Amino acid sequence: MAIPAEVRRYWLPILLAAAGFLFQLLVLPISFPPTHYDALGIEKFAPVERVVEAYEQLSKEWLAETNQQTTVDIIKIRYAYELLTNPILKRDYDLFGLDHHKVYVFAQDVLEKVKEQYQKEHFLKIDLPLLKDSLVQSTDYAFNVLGYESFMHTIADEHPLLIMVYSKGSPRCAQFIEKWKQIGSRLDGVANTAMVELGDVQLTGHFAEQRFSKQPFFRNGLPTLVAYPADCRSPSCYMRYPGELFVDSVVDWVATSVVGLPRILYYSKETLGPEFIGKSGHHKEMWKFIQFIEGTFTKSEFTKIMEEHKHQELPQLRSDTSLELGCDARGYSRAGNDIAIWYCVIVAGRPGVELSKRRQILRKAQDQLFSDVDASTSENVDSSVVVSSAAAALKDDRLTFVWLDGEVQKKLCAFYLATDYSGACGPGGFGDDNDKSELFIVRFQRNATFEALKAEKTNNLMEALQRQHTADASQLVARYKGPDEIEEINKWISQIIKDGDTREIPYFTSKVPDLVPEETSKEWIKSTKSIRSAGNSVKQRIQSSGFHFGDYLTDPRIGPALLMSACISMGIIWYKSNQRTQTTEDGAPPKDKTKKRRPRPKLSTSLFGQPEYPADADPEPKDARQWEMTDSDSD
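Every value quoted in this text rests on a predicted model; they were computed, and no experiment measured them.

**So, the packing of aromatic side chains**
Point 1. Under the criterion given, the structure shown has 16 aromatic pairs.
Point 2. Seen in terms of ring centroids, Trp342 and Phe444 are 5.4 Å apart; in terms of plane orientation they differ by 10 degrees. Their pairing is stacked. Remark: Phe444 occurs in strand 9 (residues 438-446) and Trp342 occurs in strand 7 (residues 341-349); sequence separation between them is 102 residues. Of the two residues examined, Trp342 and Phe444, each falls in the buried class.

What follows is the structure, given as C-alpha cells:
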C-alpha cells in the first residue's frame, strides 16, 4: 500500500506531534505517580490532623454495607496513613520525597509485599500496623553527627572527609551502620568520617539533587555518601559516591578518587608474596600503601619477600616504556639513532605462577649474559661463539629483556604470536587453566633508503605528521620452542642475533597495535592530583558529571516543546508548498538563476562622434546627452 503524498510531505510534523502526545499521555504520568496524599484524597503537605481526619472518614465507609473499595485500595490508604502520621517519615517524604519502605536494596517493598499477601483477603484480616519498624531512634547508632557550624570547621581540616547522610526513620540506614563502622576503621588515618541527619535541612538540602521542578531528592535513597577532598575548602566542592554500598567499594573509591592513591589489588598477608610481589616490577613504591593490606606486616618481612622475588624484576613493556627500552618500531635502540639492527626478548603471558617462572628464568639468562660481558672485559673470553653474540649485543645496548602483560596488552600479544587464541594472550575464560607463557624475540631493522627519503621531506609538514604513526623499522618475530634452561635460551638468542646481523633479510613493515596506556612508576612520584584511578570508567565519569537521562523524562516542558515544533514545521512546509502552487497557477515559469545575463553593448565612436549600437540593442532616448570627458577629477 502506497503512502499518500500528503503524509510523505508532512512526515516530520506528524512524527513530532505523535512523540509529544505519547510523552504527555504515557511517559509524564509514569514519572509523576500519585502521592500518598492523593490516596487519602487530601491536599499535598496537609498537616497530621488533616490526615487523621481523612483516614477516619474513609474507614467509616469501609464498614458500610455499600462499600465498593477493594482490599488493595484500602491497603494503599492505610499505608499512606501510617507514613504520614509518623513525624519523621512525613518530614522525609514532604522535604525530599523519600519513602524508606519502598527501597529494594535491603528488603522487599513493604507496600507491594502487603498488597500481594492480602489482595484476595478481606481487609479486616490485614495485620496492622503495616510499618512495624518505622521509627529507629538516633541514639541507637548515630555517632559523630555534624551540625552546620561543626561542618564548616571540619571541611577546613587538611584531611579528606567522608559524610554519610542518614535518617532516623530509615531501616536501611540502621542496617548499614555496621558497615559504616568498618569503613571508618579502614579509613582511620587516611580520611575522617562523619554523619549528617536528614533533619538538618541547611546541610542535607545542599547535598540533595534537584530535578526540573526544583524539588530536592536523593536519587538512590538513604544512606548516601559524599566526600570532600583534602584541598576542598568550599561546601560546594564535594564528590558524590556513585556505587553500591559495600565496604570494599566505598574504601576503594575514597582511596582512589578522593585521596588520589593509585589502585592496587587487595591481597591478604598469605597471598601478598606469590600473588602481588611476584607479579610486580616496582616494589619500593608499594611500601607506603601497605596499610591497606589486611594483617600486621613488619618491614623485615616485607624486605625478605622482596629479596626472594628480586630475580623477577624485568622491565614491563608498556606504552611509555616501549620507546625507552628500544622495543618499538617507531623508536630507536637503546644504543642510539645510528644503530640499524637491534633486538628485544619478550616473555608474554597472563599474570600468574607460569609467567613468574618464565620471568625468573629470563632474568637469570640476562644475568648470565652480563657475567659473560664481564668475563670478556677481563680477557676471560668464553670459547662459545654462539653465546658471545648475545653477550656482545647486550653490551652494545642492542638487546633488551622485557615482559609483557598479555591480559592487558592482548592485541599486541596476539600480533606477535600470530594466533587467534593463546594461553598467553587475553583474559582466561571460565574453567580455562591454560596460563602458558610464551618467549619470543623481535628483530628491528631500520631501512637506510627509507631514512634518506624521509630526510628529503623534512620541510613537508603533512609528511611529518603522517610519519608519527608509521613504523620506521621492520619487525621479524621468532618464537622459542625449546626447554626452559638458561643455556639453551641464551644459545637460541645468540643464534638469532648472529643470523639477523649477517644474513640479508627482506625489509618490510606492518602496522603494529598500539600499547594500552598504564600507570607506571613515574606516576607514583607525581602529585596525587594527577593520578587517575583505574576504576574511573566512562560510566562513572558520566555519573559524576551529573547527567542522568531519566531526569529529562520528568521535565513537563518536553511534551509542549515537541507539539510546538510539530506546528512550526507543519507551517513551514505548508507555506513553501503553497508558494510553489501559486507560482504554477500564474503561468510564469520560474526564473532560471543559472542563466547568464545578456552582455551590455560596448560603445564605439563613429566618425560623427555618435556611438554605434548593435541591431538588437535598445534605441537611444531623444533626451539622452553625452558628457564631455576632461582630465579633471572634479568635473
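**Here we look at the side chain of Lys90**
Point 1. Tracing the backbone shows Lys90 in helix 6 (residues 87-96).
Point 2. Looking at Lys90, the relative accessible area reads 10%, which means it is buried.
Point 3. A polar side-chain atom of Lys90 sits 3.1 Å from the main-chain carbonyl oxygen of Ala46.
Point 4. Setting aside its immediate chain neighbours within four residues, Lys90 contacts Tyr37, Phe45, Ala46, Pro47, Val48, Leu83 and Leu84.

**Description of the sheet that holds strand 5 (residues 224-228)**
Point 1. Read from one edge of the open sheet, four strands run 2-1-5-6, paired in mixed fashion. The sheet is open, and its two borders are formed by strand 2 (192-197) and strand 6 (239-240), each paired with just one other strand.

**Describing the UniProt feature "transmembrane region" (unreviewed entry) in the protein**
Point 1. Under the UniProt annotation, the feature "transmembrane region" (unreviewed entry) is placed at residues 12-32.
Point 2. With 95% helix and 0% strand, residues 12-32 has end C-alpha atoms that lie 29 Å from one another.

**Overview of the nonpolar core**
Point 1. Leu162, Ile163, Trp180, Ile183, Phe207, Phe218 and Tyr228 are the most contacted members of the largest nonpolar core, which has 42 residues in total.
Point 2. Of all elements in the fold, only strand 1 (161-166), helix 9 (171-186), strand 2, helix 10 (201-207), strand 5 and helix 11 (247-258) reach the threshold of two or more residues within this core.
Point 3. Ignoring any residue separated from it by four or fewer positions in sequence, one finds Tyr228 in contact with Phe151, Ile155, Pro160, Leu161, Ile163, His206, Phe207, Ser234, Pro235, Cys237, Tyr238 and Val258.
Point 4. Counting 27 residues, the second-largest nonpolar core is a separate cluster that includes Ala46, Leu58, Ala80 and Leu84.

**A few points about the sheet that holds strand 7**
Point 1. Read from one edge of the open sheet, four strands run 8-7-9-10, paired in mixed fashion. Each edge of the open sheet is held by one strand with a lone partner, namely strand 8 (399-405) and strand 10 (473-479). Direction aside, neighbouring strands of the sheet carry axes that sit 25 degrees apart on average.
Point 2. Pairing analysis gives eight bridges linking strand 7 to strand 9, with the strands arranged antiparallel. Paired with Ile346 across the two strands is Phe440, which belongs to strand 9.

**Let's talk about the state of the cysteines**
Put plainly, two cysteines are in a disulfide when a covalent bond ties their sulfur atoms together.
Point 1. Here the structure, examined in full by the defined rule, presents three disulfides.
Point 2. Paired through a disulfide, Cys327 and Cys344 show a sulfur-sulfur distance of 1.9 Å. Sign of the S-S torsion, about 80 degrees for the bond between Cys327 and Cys344, identifies this disulfide as right-handed. Separated by 17 residues along the polypeptide, Cys327 in the loop between helix 14 (322-325) and strand 7 and Cys344 in strand 7 bring together distant segments of the chain. You'll find Cys327 and Cys344 in the same group, each marked buried.
Point 3. Here Cys413 pairs with Cys425 through a disulfide, and the sulfurs are 2.0 Å apart. The chirality of the disulfide connecting Cys413 with Cys425 is left-handed, given an S-S dihedral of about -70 degrees. Of the two residues, Cys413 is situated in helix 17 (residues 410-417) and Cys425 in the loop between helix 17 and strand 9; the sequence distance between them amounts to 12 residues. The pair Cys413 / Cys425 is uniform in exposure class, with both members buried.
Point 4. When the cysteines engaged in disulfides are numbered in sequence order, the protein pairs them as 1-2, 3-4, 5-6.

**Considering the pattern of salt bridges**
Point 1. Taken as a whole and judged by the stated rule, the model has 15 salt bridges.
Point 2. A salt bridge links Arg9 to Glu6, with the nearest nitrogen and oxygen atoms 3.6 Å apart. Pair noted here: Arg9 and Glu6 are both in helix 1 (residues 5-9), with a separation of three residues, about one helical turn.
Point 3. For Glu6, a relative accessible area of 43% corresponds to the partly exposed category.
Point 4. Within the structure, one salt-bridge network assembled from shared partners comprises Arg91, Asp92 and Glu197.

**Describing the environment of Met570**
Point 1. Topologically, Met570 is positioned in helix 24 (residues 558-585).
Point 2. Here Met570 falls in the partly exposed class, since its relative accessible area comes to 39%.
Point 3. C-alpha of Met570 to C-alpha of Tyr10: the two residues are 560 residues apart in sequence and 6.6 Å apart in space.
Point 4. For Met570, the residues in contact, after removing those within four places along its chain, are Tyr10 and Pro13.

Criteria and thresholds
Residues numbered from 1 in each chain as written. Predicted model: local features only at pLDDT ≥ 70, side-chain atom pairs only at ≥ 80, totals over all residues. Heavy atoms only, no water. Phe/Tyr/Trp six-rings, centres within 6.5 Å; stacked < 30°, edge-to-face > 60°. Helix = DSSP H or I, 4+ residues; strand = E, 2+ residues; numbered from the N terminus. Buried < 20%, exposed > 50% of the residue type's maximum accessible area, 1.4 Å probe, protein only. Polar contact = N/O pair within 3.5 Å; in protein donor to acceptor, adjacent residues only side chain to side chain. Contact = heavy atoms within 4.5 Å. Pairing = 2+ DSSP bridges. UniProt positions renumbered as here; feature names shortened; annotations may be inferred. Core = buried A, V, L, I, M, F, W, Y, C linked by side-chain atoms within 4.5 Å. Axes fitted to C-alpha atoms, helices over the stretch in contact; angles between N-to-C directions. Disulfide = S-S within 2.5 Å. Salt bridge = Lys/Arg side-chain N within 4 Å of Asp/Glu carboxyl O.

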